[in-house]
Structure formats: structure tokens, C-alpha cells
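# Chains, contacts and geometry: an overview
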Amino acid sequence: MPSSSASSVGLSFQPDRPAGGYGARGGRKRRSWREGRWEPSLSLSRSRLPGRRGERVPLAGLALGGVTSSLGKHNFQQPHGMLLRCHLKRALPQKVSCRFCAVMGKLQSKLKHSTYKYSRPDGFRDERIQTKAFQEYSPAHVDTVSVVAALNSDLCVSGGKDKTVVAYNWRTGNVVKRLKGHEREITKIACIHKSGQFFSASRDKTVMMWDLQGSSQPRQQFSGHTMVVTGLAVSPDTSQLCTGSRDNTLLLWDVGTGQCAERASVSRNLVTHLCWVPREPYILQTSEDKTIRLWDSRGLQVAHIFPAKQHIQTYCEVSEDGHKCISCSSGFGGEGCEATLWDIRQTRNRICEYEGHFQTVASCVFLPRALALMPVIATSSHDCKVKIWNQDSGAFTKPPMSCHCPVP
């Protein structure tokens, strides 16, 4: 192997020393790798590459930045806590020469499809392979998509950081309408089903009402909050709209006139989500103060407070019959990260908890009974998992589904 100057950057490999040892430079000839476990280490140093000119290094393969070799996997530790994942294969019976080059800059994989492996706290090992299994359409947004909701069986409405609201046909991938009016990111969308009308909330502290059959301008604008709007709920008869914000307030609006009819404020009640109970004058609300509140829209008074949880409540939904509701929690490393089923009739007790995610559960929904033989619940989490649960037993009804986003 050609020698390099003392000022060059090189890769040095230091395997476990056999009994008797050998010097770092010169000394006894390097022994072959021991059969079985290897304990190599990788360091970046401003020194010449290991060994002398022409010395054979007992390494048959090396992979950096996603380029893999055929056998074995080892972790190599760089200075400053940086982790470099490398793949080695056992030394062949015959000696194999391998050259290493001093590389500066960014290493990039030439593989178009990569396999990602990672471990979870409970030892569960997951392997995700990037494949193109579904039809992909042109992006509807030019930046992060923050929220999406179903308008009807064919149309979806989404909003994002590009400040636009987009209605598109998910069957064909065609954009039906692109609406602009907000000055900042869209945070929530609430649809009036079986109609072309929907609402969008934004970080610009306003809520706008849109009509697909009308012009590209908002049909109504609701301004009254002093901070980002984080909750939207439409009454069953579509005559009222309830909005919540990080300013600790809930506002009840008349949809027809756009006027605020009621206002309520609770200290430290940073609203995360709102949901109207079907066929009832009640509104369910989750908050960053770890509580779930049930509001009576007749006067906008708190009707009930569920037992406080240990973590921030991020989302809530009510079943179609209005008898049960589900909320989900933030968390990390498996602590928190659960969804909880509640009875919102007379007892309003905790019925079941669904534990199995490893990071914050962002949303939870009741799936239609037509999709399964039993009542089921779906949860999505920051751990890149969507899980389907048996509503009554809290058990998985099928293996969890993985998305192909990078591991956080």
C-alpha cells in the first residue's frame, strides 16, 4: 500500500490484539483475525495509513454511507461521538489485499434502494425496504403538508407550510382547486361532509371558510384569537363553528354571520384538538395541560373533565354513535405514547389503553365497521408506525404498518 505524508487524513483499523500483542508500528507481524467475534474500531487521524508499503490488511470489505458488503455488520466509533456504520466480511482463507484511500467530503451511496435496520427499546428489530408499491402523483404542495381531511368519498383537502389549501381527487391525483388567503402555515382543516364547504385554521390566528363551488376567495373569515388556532369543530347541523387556540380560549361562531357568539377561557388550557360529539351539543377538547374536557355548547361551559393523564394530550375523536371517545398522548422511548378509550355517556370512565408506540402518538381514529369484523382503532405516531387495534381488547388486529420515512 502506498505511504502517505504525515499531514494526510487516513483511516486506521485496530483489531483486538491476540495474546502476546504486537506494536502499533513495526514489531511482530500482524496475526490473522480470530475466528468468531471481532472487535475492530475506526478512527480518523492525521497520520499515515496503517502498515508499511505492500502490507496485506486482513479486511475483505468495507461499507460507508449506505454502501454495503456481503457479510457481517459492525459499528465503528469516530471521535466526537459520530457513529459510522460499516459492514465487514470474514477474512477468506487466502490473504486478500485491500486499499484504503484518504477521503475528504461527503460519502454518498450509489444504491438506489436501501435497507434500513434499527432497534427499538424492547429489542424489537424492524427491517424496512424502500419499494414503490403504490401509484404516486405529482405533489399538491411545495412544502410540508401539515393536515389532511376527507371532504367526501373522492375528494381530500390538505393544508401545509406553503400557506395554501388544496382540494384534490385522490383517485385520479388531479388538483380540483388551490386556495390562497392565509398568511402563515395551515394547522387544521374541518370539513362539512356531503358538501363542498370546509374550514381552515392557520398560524396567522384566523379561520377561513371555503366553498368549492364558489370563487377562490374565502366565503367567510373568523378573526378573534390572539395566537395560533389549533382546534376546529363544526356542529352536526353545520350552523356553528367552535375554534380553540394556544391563547387558552375557545370561541363559538355563527357560521352564517361570522360573528362570535360565545367565548370561554381557562388558564393553561392550550388547545391541541377539538371534536364535536355527533347529535349532541357537546364538544370534546384535548389540551397541553394533560386533560380532556367536555364542553356544553349551550353557553360554552365545561360539562366534564376526564381524569388527567401523565402526558400532553395531542388529539381526540368521538365514535359515530357518540358513546365513546379516544385521545392520544405525547411521549418518548415508550413512556406515554398511548391512546386511551373513554366512555362519554354517564360514567365517563377509562375503558381501555392501547400501548405499543415508542414516540408521540399524533392522531387516533375510529375505523368504519365496514372495514373489519370487529370495532377497531387506528393510531399514528412519530415512530413512523400506524397501528391497528382491537377496540375492546386493546390487542393488535394485524402487524403494524411502516412508512418509508427516515428513522427519527
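Residues numbered from 1 in each chain as written. Predicted model: local features only at pLDDT ≥ 70, side-chain atom pairs only at ≥ 80, totals over all residues. Heavy atoms only, no water.

Going by an unreviewed UniProt entry, the protein chain carries the name WD repeat-containing protein 31 isoform X3 and comes from Balaenoptera acutorostrata.

### Looking at the pattern of salt bridges
Note the cut-off: Only one rule defines a salt bridge in this text: a Lys or Arg side-chain nitrogen within 4 Å of an Asp or Glu carboxyl oxygen.
Applying the stated criterion across every chain, the model contains ten salt bridges. Three or more residues joined by partner-sharing salt bridges are found here, namely Lys-309, Glu-338, Arg-350 and Glu-353.

### Regarding the pairing of strand β9 (residues 164-169)
Defined as follows: Each residue is placed in one exposure class: buried if its accessible area under a 1.4 Å probe, protein chains only, is under 20% of its type's maximum, exposed if it is over 50%, and partly exposed if it falls in between. Note on conventions: DSSP H or I runs of at least 4 residues are helices, E runs of at least 2 residues are strands, and numbering of each starts at the N terminus. Pairs of strands are assigned from DSSP output, requiring at least two bridges between the strands.
By the criterion of burial, β9 is predominantly enclosed, with five of the six residues buried. Relative to β9, strand β8 (residues 155-160) is paired through five bridges, and the arrangement is antiparallel. Opposite Cys-156, over in β9, you have Tyr-168 as the bridge partner. Linkage of β8 to β9, two consecutive antiparallel strands, is achieved through a turn of three residues, within which Lys-163 is found at a positive phi near 70°. Examined bridge by bridge, β9 and strand β10 (residues 174-180) share six bridges and lie antiparallel to one another. Bridging across to β10, Ala-167 finds its partner in Lys-177. Hairpin geometry of β9 and β10 is characterised by an intervening segment of four residues between the two adjacent antiparallel strands and by a positive phi of about 80° at Gly-173.

### Comments concerning the environment of Arg-246
Basically, it comes down to this: Throughout, a contact is declared for two residues whenever any of their heavy atoms are within 4.5 Å. Here a polar contact is recorded for every N or O atom pair within 3.5 Å, except that within protein the pair must consist of a potential hydrogen donor and a potential acceptor, and residues adjacent in sequence are included only if both atoms are side-chain atoms.
With respect to the helices and strands, the residue Arg-246 is situated in the loop between β16 (240-245) and β17 (249-254). Overall, Arg-246 belongs to the partly exposed group, its relative accessible area being 29%. In the structure, Arg-246 is positioned 24 residues away from Leu-270 in sequence and 4.4 Å away in space, judged by C-alpha atoms. Residues in contact with Arg-246, not counting those within four places in the same chain, are Met-227, Val-228, Thr-230, Leu-270 and Glu-288. Among the polar contacts made by the side chain of Arg-246, one reaches the side chain of Glu-288 at a distance of 2.4 Å.

### Overview of the pairing of strand β20 (residues 282-287)
Within β20, five of the six residues are buried, which leaves it mostly tucked inside the rest of the structure. Two elements, strand β19 (residues 271-276) and β20, share five bridges in a ladder whose sense is antiparallel. Bridged to His-273 within β20 is Thr-286. The hairpin formed by β19 and β20 contains five residues between the paired strands, and Arg-279 there has a positive phi angle of roughly 60°. Strand direction decides the pairing type here: β20 and strand β21 (residues 292-296), joined by five bridges, are antiparallel. Within β21, the position partnered with Tyr-282 by the bridge is Asp-296.

### Brief notes about the sheet that holds strand β24 (residues 324-329)
Heads up, the rule is: Here, axes are lines fitted to C-alpha atoms. For helices the fit covers the stretch in contact, and angles between N-to-C directions go from 0 to 180 degrees.
Strand order in the open sheet made by the four strands is β23-β24-β27-β28, with antiparallel pairing throughout. On the outer flanks of this sheet lie β23 (313-318) and β28 (350-354), each paired with one strand and no other. For this sheet, the mean angle separating the axes of adjacent strands, direction not counted, is 20°.

### Details of the UniProt feature "repeat: WD" (unreviewed entry) in the protein chain
Note the threshold: UniProt positions are given in the numbering used here, feature names are shortened, and annotations may be inferred rather than shown by experiment.
Under the present numbering, the feature "repeat: WD" (unreviewed entry) in UniProt falls on residues 179-220, 222-263, 264-296 and 354-399. The distance from the first to the last C-alpha atom of residues 264-296 is 11 Å, and the span holds 0% helix and 58% strand.

### Overview of the nonpolar core
Put simply, the rule is: In this text, buried Ala, Val, Leu, Ile, Met, Phe, Trp, Tyr and Cys residues form a nonpolar core when linked through side-chain atoms within 4.5 Å.
Counting 15 residues, the largest nonpolar core has Leu-151, Val-157, Val-165, Ile-189, Cys-191 and Phe-198 as the members making the most contacts within it. Looking at this core, the elements with two or more residues in it are β7 (145-150), β8, β9, β11 (186-191) and β13 (206-211). The greatest single-element share of this core, amounting to three residues, is contributed by β11. In this structure, Ile-189 is in contact with Val-147, Ala-149, Val-157, Ser-158, Gly-159, Val-165, Phe-199, Ser-200 and Leu-232, ignoring residues within four places of it in sequence.

### Let's talk about the sheet that holds strand β12 (residues 197-202)
With antiparallel pairing, the four strands of this open sheet are ordered in space as β11-β12-β13-β14. Strands at the two margins of the open sheet, each flanked by one partner only, are β11 and β14 (220-223). With direction set aside, neighbouring strand axes in the sheet form an average angle of 20°. Direction of pairing for β11 relative to β12: antiparallel, over a ladder of five bridges. Bridge pairing links Lys-188 to Ala-201 in β12.

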